[in-house]
Amino acid sequence: MLKGKSQAFLEMASEEAAVTMVNYYTPVTPHLRSQPVYIQYSNHRELKTDNLPNQARAQAALQAVNAVQSGGLALAGVPTADGGLPPGQSSVLRIIVENLFYPVTLEVLYQIFSKFGTVLKIITFTKNNQFQALLQYSDPVNAHYAKMALDGQNIYNACCTLRIDFSKLTSLNVKYNNDKSRDFTRLDLPSGDGQPSIDPTMAAAFGLSVSAVPSALGPLAITTSAMTGRLAIPGVTGIPGNSVLLVSNLNPDAITPDGLFILFGVYGDVHRVKIMFNKKENALVQMADATQSQLAMNHLNGQKLYGKVLRVTLSKHQTVQLPREGQEDQGLTKDYSNSPLHRFKKPGSKNFQNIFPPSATLHLSNIPPSITVEDLKSLFGNTGCNVKNFKFFPKDRKMALIQLGSVEEAIQALIELHNHNLGENHHLRVSFSKSTI
C-alpha cells in the first residue's frame, strides 16, 4: 500500500489471474466503503514486501480478499440474506431483446454475458413475437452482476435493447448443441437435425477452451482473437466502465490529435482527444463507450509509435473537457463527435468483423482504377516506410495488401495515409490486416 496516495499494488498468483481480474472489473467498477476502486496493470513484475512497515496491513487485506473468494464475506453491492443472495435470485437469467432491428445470435449473447462470469448453457426461442433467451451461469453472483450492468442496455446503437430478469428455473436442460441452444459443458450432445455432434474443433472455432472430457466443465473463455477478430457487436453501449483512455510516453514532436484520432479509430469511434498542454507526452482519448476503450487499450498498449513505446491505461476522467472560451490550448484538444471518418457509427457495419491487432501488413480499399502498384508503393515509401511486398486483390482491384518493414512503420503509415485523397473522389481506407502476402 502506498502511504498517503490512496493506491496499492496487488500481486496475483499468475498473470492469467491478473488478466481475469482486470477484465472482470473493467465493465463493473468495484466499490470499497462506497468508494470506486480503479484497477489497471502495473509496470512492476513482482512485489518486494520484506520488513515493510505496512506489511501487517497488507497481510490483513490479503486475508480479507481471500475470505471473499472463499465465501467468508459478502460481496459489496450484492444484497445478502444469511451471507448469500436473496431468495429468487438464481443463476439462470431470462433475457428479452426488444426493438430487434438487427439479428442477435447465441454467439452474440455468449460474448456479451461471458464478460461477467462462466456461461454454462444458453437456450434461445421466440415467444409472443419477441426474441428471448434463457442463460445459465455457474454462479448466482455472476447472474446478479450481469443483470445489474446489462438490463436496459442496447446491443447495437439505438436498438436491440436487453430486458433481463431472474428466471424461476434453477437449471437448464439442453438437449441439442446448435444455433438455438448450447450446453458449453457437453460437447457430446447431438445437433438435433441429423448433423454430427459438436466436436472440439468446432468449439475452438467459437473461441472456446473446453475440457476434452464429456460432461466435465472446463475453463470457458472467449479468446482475445475471438473477441477482436469475430466481434459481432459494436460495443455494448452504456456498460459501466470508463470510455476515456490515458495515453502516455508519446513523442511530443510527432504526435497530433488527428493522429491519435486515426489510430484509436481503428478500434472504435473516437469522440474527443486532448494532448496535455504542459506535458505533451500524455494525452486523453475518449471513445464512444467502455467496450471500445478496452479494445483499443488491449491492442495499442505496448506498441511502438514514432520511436516510443505507447502506454495505454484507463483514465480516472469520465469525459474529456473542451477548453473554455478564451482559454489557451494551441489546438491540442479536438472534438470528433460528428466526424465522417468514424468506422463503427453504422449499426451492424462489416468493420466490426475486421478488427485486428497492429501488423506489418495493411489492408487498403477504395482504390480508384487509375492507381497503379507503383503509385501506391511510392505513396507509402514517401512516408519513410520500407515497402516489402504489394498485392492487389485478384477479383477486386479496389482493394490491396501492402507489407511494410515493421509494425511501427505500418502504424505510422496508417496514421498518415488513412483518408488520403487519391483523386477521382476516392479517399484511401487503411486498416490492419490479419493476412500476410
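Anyway, here's the lowdown on the structure attached to this text. (Residues numbered from 1 in each chain as written. Predicted model: local features only at pLDDT ≥ 70, side-chain atom pairs only at ≥ 80, totals over all residues. Heavy atoms only, no water.)

Inspection of the secondary structure assignment puts Ala146 in helix α4 (residues 140–150). When the C-alpha positions of Ala146 and Ser114 are compared, they lie 9.0 Å apart, and in sequence the two are 32 residues distant. In contact with Ala146, other than residues within four places in its own chain, are Leu93, Phe113, Phe116, Tyr137, Asp151 and Ile164. (Helix = DSSP H or I, 4+ residues; strand = E, 2+ residues; numbered from the N terminus. Contact = heavy atoms within 4.5 Å.)

Before going further, it helps to spend a moment on the pairing of strand β17 (residues 387–393). The pairing of β17 with strand β18 (residues 396–404) spans six bridges and is antiparallel. Paired with Val387 across the bridge in β18 is Leu404. In this antiparallel pair of consecutive strands, β17 and β18, the connection spans two residues. (Pairing = 2+ DSSP bridges.)

Here Asn99, not a glycine, exhibits a phi torsion of approximately 55°, which is positive. Along the chain, Asn99 turns up in the loop between β3 (92–98) and α3 (106–113). In this model, Asn366 sits at a positive phi of 65°, which is unusual for a non-glycine residue. Considering the arrangement of structural elements, one finds Asn366 in the loop between β16 (361–365) and α9 (373–381). Using a relative accessible area of 31% as the deciding quantity, one classes Asn366 as partly exposed. (Buried < 20%, exposed > 50% of the residue type's maximum accessible area, 1.4 Å probe, protein only.)

What follows concerns α4. Helical geometry: 3.6 residues make up each α-helical turn, so side chains three or four residues apart lie on a common side. The buried fraction of α4 amounts to eight of the eleven residues, a majority that puts the element mostly inside the structure. Those residues of α4 that fall on the buried side of the exposure criterion are Val141, Asn142, Ala143, His144, Tyr145, Ala146, Ala149 and Leu150. Of the residues that open α4, the one with a side-chain oxygen 2.8 Å from the backbone nitrogen of Val141 is Asp139. Downstream of α4 by a residue or two, Gly152 has a phi angle that is positive, lying close to 90°. (Polar contact = N/O pair within 3.5 Å; in protein donor to acceptor, adjacent residues only side chain to side chain.)

A few words now on the sheet that holds strand β11 (residues 283–287). If you trace the five strands from one edge of the open sheet to the other, you get β14-β9-β11-β10-β15, paired in antiparallel fashion. The sheet terminates laterally at β14 (311–314) and β15 (333–335), the two strands that pair on one side only. Each strand axis lies, on average, 20° off the axis of its neighbour in the sheet, ignoring direction. In this sheet, β14 lies alongside strand β9 (residues 244–248) in antiparallel orientation, the contact comprising four bridges. Along β14, the bridge assignment pairs Leu246 with Thr313. With respect to the sheet, helix α7 (residues 257–264) is in contact with β9, β10 (270–275), β11, β14 and β15, its orientation differing from that of β10 by roughly 140°. Against the sheet, helix α8 (residues 290–300) contacts β9, β11 and β14, and its axis sits at roughly 155° relative to β14. (Axes fitted to C-alpha atoms, helices over the stretch in contact; angles between N-to-C directions.)

What follows covers the layout of surface pockets. Computed from the structure, the second largest pocket encloses a volume of approximately 710 Å³. What lines the second largest pocket is a set of 26 residues, among which Arg343, Asn351, Asn354, Ser365 and Ser431 lie closest to the centre. Of all elements in the fold, only β16 and β19 (429–432) reach the threshold of two or more residues within the lining of the second largest pocket. Take the lining of the second largest pocket: its biggest share by element is four residues, from β19. (1 Å grid on protein atoms, 1.4 Å probe; cavity = no way out; pocket = protein on both sides within 12 Å on 5 of 7 lines; lining within 4 Å. Points joined across faces, edges and corners; volume = space filled by probe spheres on them.)

Bringing the packing of aromatic side chains into the picture now. Across all of its chains, the model carries three aromatic pairs by this definition. Geometrically, the ring pair formed by Phe390 and Phe392 is edge-to-face, given 5.1 Å between the ring centres and 85° between the ring planes. What makes Phe390 buried here is its relative accessible area of 11%. A relative accessible area of 13% places Phe392 in the buried class. For the cation-ring pair, Lys280 lies above Phe277, with the distance from its terminal atom to the ring centre recorded as 5.2 Å. Against the face of Phe392 rests Arg397, its NZ or CZ located 3.9 Å from the ring centre. (Phe/Tyr/Trp six-rings, centres within 6.5 Å; stacked < 30°, edge-to-face > 60°. Lys NZ or Arg CZ within 6 Å of the ring centre and 35° of its normal.)

Turning our eyes to something else, we now look at the pattern of salt bridges. Two side chains that carry opposite charge are able to pair once their charged atoms sit near each other. The final tally for this structure, using the stated rule, is five salt bridges. A salt bridge links Arg94 to Asp165; the nearest nitrogen and oxygen atoms lie 3.9 Å apart. Within this pair, whereas Arg94 is found in strand β3, its partner Asp165 is found in strand β7 (residues 159–166), the two being separated by 71 residues in sequence. With a relative accessible area of 33%, Arg94 lands in the partly exposed category. (Salt bridge = Lys/Arg side-chain N within 4 Å of Asp/Glu carboxyl O.)

One open sheet accounts for six strands, arranged β6-β7-β3-β5-β4-β8; its pairing is antiparallel. Either end of the sheet is taken by a strand with one partner, and the two such strands are β6 (154–156) and β8 (181–183). Recorded for the sheet is a direction-independent mean angle of 25° between the axes of neighbouring strands. Across six bridges, the pairing between β3 and β7 is antiparallel. Looking across to β7, one finds that Ile96 is bridged to Arg163. Together, β3, β4 (119–127), β5 (130–137), β6, β7 and β8 form the strand contacts of α3, whose direction differs from that of β4 by roughly 135°. Each of β3, β5 and β7 is contacted by α4, which is oriented at about 140° to β7, the strand it contacts most.

Attention shifts here to the nonpolar core. The biggest cluster of nonpolar side chains holds 54 residues, and the ones touching the most others in it are Leu263, Phe264, Leu362, Leu364, Phe380 and Leu428. The element contributing the most residues to this core is helix α10 (residues 407–417), with six residues. Not counting chain neighbours up to four residues away, the residues in contact with Leu428 comprise Leu364, Ser365, Ile367, Leu379, Phe380, Leu417, His418, Asn419, His420 and Leu422. Listed in part, the 30 residues of the second largest apolar core include Phe113, Phe131, Leu150 and Ile155. (Core = buried A, V, L, I, M, F, W, Y, C linked by side-chain atoms within 4.5 Å.)

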